Each structure stands twice: as C-alpha cells, then as structure tokens.
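An overview of the molecular structure
Chain by chain, the residues:
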Amino acid sequence: VLIAHMDGKGVRAPVNGDSIYNGADDNASGTAAVLEMAEEFAATDPHPRRSVLFLTVSGEEHGLWGAYAYLAAPTVPIVNIVAVLNFDMISRNSPDSIFGSGMDGSTLGDRLLEVVAGHPEELMTFTPGPTGGSDHVPFWRGGVPFVMFFGGLHADYHTPADEVGRIEAAKAARVSRMAYYLALRIAGDDARPQWKPGWPAPPAPGSQDH
C-alpha cells in the first residue's frame, strides 16, 4: 500500500490577513508522490508480482479517519497486505535527507538501505524518525510493517505559509523515486517483510495524530 492524506487544515483563523491554510507540504507533497508512483507503476513492464494499492485518504488531520475507514471495509484483506509506505510532508527541510520512520522496525528498512546503496545518483539519506501521527498507524495496529517518508516539521506547519512556493520540488521528486524503487523491490520479493524483535507496539488511537 502506498498511502497519503489529501486533507489539510482548510480555512481557519486568519494569520496576517490570510485564512487559507494551503497545505502544500502537509500534505499535497505526499499526495503528489502517490499519484506520480501510480503513473510510473502503470507504465512498468513487466508489472511486479505483487499488486500495489494506491490509497489517498482524507480526515488524517482529524484522527486518521480515512485510513481507519478504509480498514473497516478494505478492498484487500489486511492479512494480504505485506507493507505500507506512507508519504506525509516530503518536500521541506534538508534537500538530501528525510526520515524513514519505522525503517528500524522491520526488514523494510534493510530493503530501503539496499535501494539507497543502489541509487547513489539520488543523493538521499534516510534515518529513523518519529513513528506516530499519520495514516500508517491503523495498518501498524493491524500488524503491517511500514515506513513513513517524513521530512520533519517546520515553521510553516499548519499555517497559511505552507505554500507551494516554499516547497523543494526536487527533493519531493527524489524521495518519490526512491520510494518507487523500494516499492518495486517489495512487490517482487519472495518473502514478506518481517518485524524485528523488540519493535514497540503502535500508539493508541488518537494519541499522536498530527
């Protein structure tokens, strides 16, 4: 599953006369990544051995509503979902590094490091980061290994200043390509990704929604 949330904060109290909270990084950037990867996978020949589900949801900002709603009536049984890659705020901060939240919890992280080593031209590094507060959490609660691609918070987070002109489009594109390479690898592997011993339990619903 490749997932991103489409919703932002919408129209709220004005800040310096601006009441539109644009959400360019949070989370138009992640939504664009999922759309770009869907287009790329459609053109991939031969198609990977595993199916790939492209899932864009709403209500993340209110408590991961869309992800929970999907899993309440999934099109694919959760026991058949081997991994979830979540894209939430991938276009700001350092141009050549990003959090791969959850990468230290399963063999998905090992695959990600292999992809990084295989694509030095992308100049991207990944480090473990915060693991709560986004749409992978309901899948995590269902036992599905995950990686969340997350660029970190910034001063424009949840403000009208989260505008398109402030994103790093080149970074978002490189992150998307690396995620595509990872998803392609997972979709062709014989074995399912596996949790590593001692990985913590997921947070309780609503405890870390961002």
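For the structure itself, look to the data block above.
Below is a short write-up of the structure. Owing to the predicted nature of the structure, the values given are computational and were not obtained by experimental measurement.

As a further point, take the packing of helix α3 (residues 107-118) against helix α5 (residues 169-188). Remark: α3 packs on α5, axes separated minimally by 9 Å, with the N-to-C direction vectors making an angle of 125°. Relative to α5, the element α3 lies oblique. Between α3 and α5 the crossing geometry is right-handed. Contact residues: α3 offers Leu-108, Arg-111, Leu-112, Glu-114, Val-115 and Val-116, while α5 offers Met-178, Tyr-181, Leu-182, Arg-185 and Ile-186. In the contact of α3 with α5, the residues fall into eight nonpolar, no polar and three charged.

Within the element layout of this structure, Asn-27 appears in helix α1 (residues 24-43). Using a relative accessible area of 1% as the deciding quantity, one classes Asn-27 as buried. Among the polar contacts listed, one links the side chain of Asn-27 to the backbone nitrogen of Met-89, at a separation of 2.9 Å. Apart from residues lying up to four places away in sequence, Asn-27 is in contact with Ala-4, His-5, Asp-7, Phe-87, Asp-88 and Met-89.

It is worth spelling out the pairing of strand β2 (residues 10-15) at this point. Burial runs low along β2: only zero of the six residues are buried. As judged from the three bridges shared by β2 and strand β3 (residues 18-21), these two strands associate in the antiparallel manner. Pairing of Gly-10 across the sheet is with Tyr-21, part of β3. Here β2 folds back onto β3, and the loop between the two strands holds two residues, one of which, Asn-16, carries a positive phi near 55°.

So, about the side chain of Asp-156. Checked against the element boundaries, Asp-156 lands in the loop between β8 (146-150) and α5. Residue Asp-156 is classed as buried on the basis of its relative accessible area, which comes to 8%. Separated by 3.1 Å, the side chains of Asp-156 and Arg-166 make a polar contact. With residues up to four places along the chain from it excluded, the contact list for Asp-156 reads Arg-92, Ala-161, Asp-162 and Arg-166.

Attention now moves to the pairing of strand β5 (residues 84-87). Because side chains alternate across β5, one face comprises the buried residues Val-84 and Asn-86, and the other comprises Leu-85 and Phe-87, equally buried. Summarising the sheet, strand β1 (residues 2-5) and β5 pair through two bridges and their orientation is parallel. Residue pairing in the sheet places Leu-2 in a bridge with Leu-85 of β5. With four bridges connecting them, β5 and β8 associate as parallel partners. The residue bridging Phe-87 from the neighbouring strand is Phe-149, located in β8.

Attention now moves to the sheet that holds β5. With mixed pairing, the six strands of this open sheet are ordered in space as β4-β1-β5-β8-β6-β7. Strands with a single pairing partner mark the edges of an open sheet, and in this sheet they are β4 (54-57) and β7 (125-127). Taken over all neighbouring pairs, the strand axes of this sheet differ in orientation by 25° on average, direction set aside. Pairing geometry for β1 and β4, over four bridges, is parallel. Residue pairing for β4: Ile-3 is matched across the bridge by Leu-55.

Before going further, it helps to examine the nonpolar core. With 29 residues, the main nonpolar core has Leu-85, Phe-87, Ile-90, Phe-126 and Phe-149 as its most contacted residues. Breaking this core down by element, the ones donating at least two residues are β1, α1, β5, α3, β8 and α5. The residues contacting Leu-85, other than those within four sequence positions of it, are Val-1, Leu-2, Ile-3, Val-147, Phe-149, Ala-179, Leu-182, Ala-183 and Ile-186. One finds Val-57, Leu-71, Ile-81 and Phe-139 within the second-largest nonpolar core, a separate group that totals 15 residues.

Residue placement: His-158 occurs in the loop between β8 and α5. A sequence separation of 135 residues divides His-158 from Gly-23, and the C-alpha atoms of the two residues are 7.2 Å apart. In terms of polar contacts, His-158 uses its side chain to reach the side chain of Asp-26, at 3.1 Å.

Calculation notes
Residues numbered from 1 in each chain as written. Predicted model: local features only at pLDDT ≥ 70, side-chain atom pairs only at ≥ 80, totals over all residues. Heavy atoms only, no water. Axes fitted to C-alpha atoms, helices over the stretch in contact; angles between N-to-C directions. Helix = DSSP H or I, 4+ residues; strand = E, 2+ residues; numbered from the N terminus. Parallel < 35°, antiparallel > 145°, perpendicular 65-115°, else oblique. Left-handed = near helix turned anticlockwise from the far one by under 90°. Contact = heavy atoms within 4.5 Å. Nonpolar A, V, L, I, M, F, W, Y, C, P; charged D, E, K, R; others polar. Buried < 20%, exposed > 50% of the residue type's maximum accessible area, 1.4 Å probe, protein only. Polar contact = N/O pair within 3.5 Å; in protein donor to acceptor, adjacent residues only side chain to side chain. Pairing = 2+ DSSP bridges. Core = buried A, V, L, I, M, F, W, Y, C linked by side-chain atoms within 4.5 Å.

All we've got here are geometric facts, nothing functional implied.
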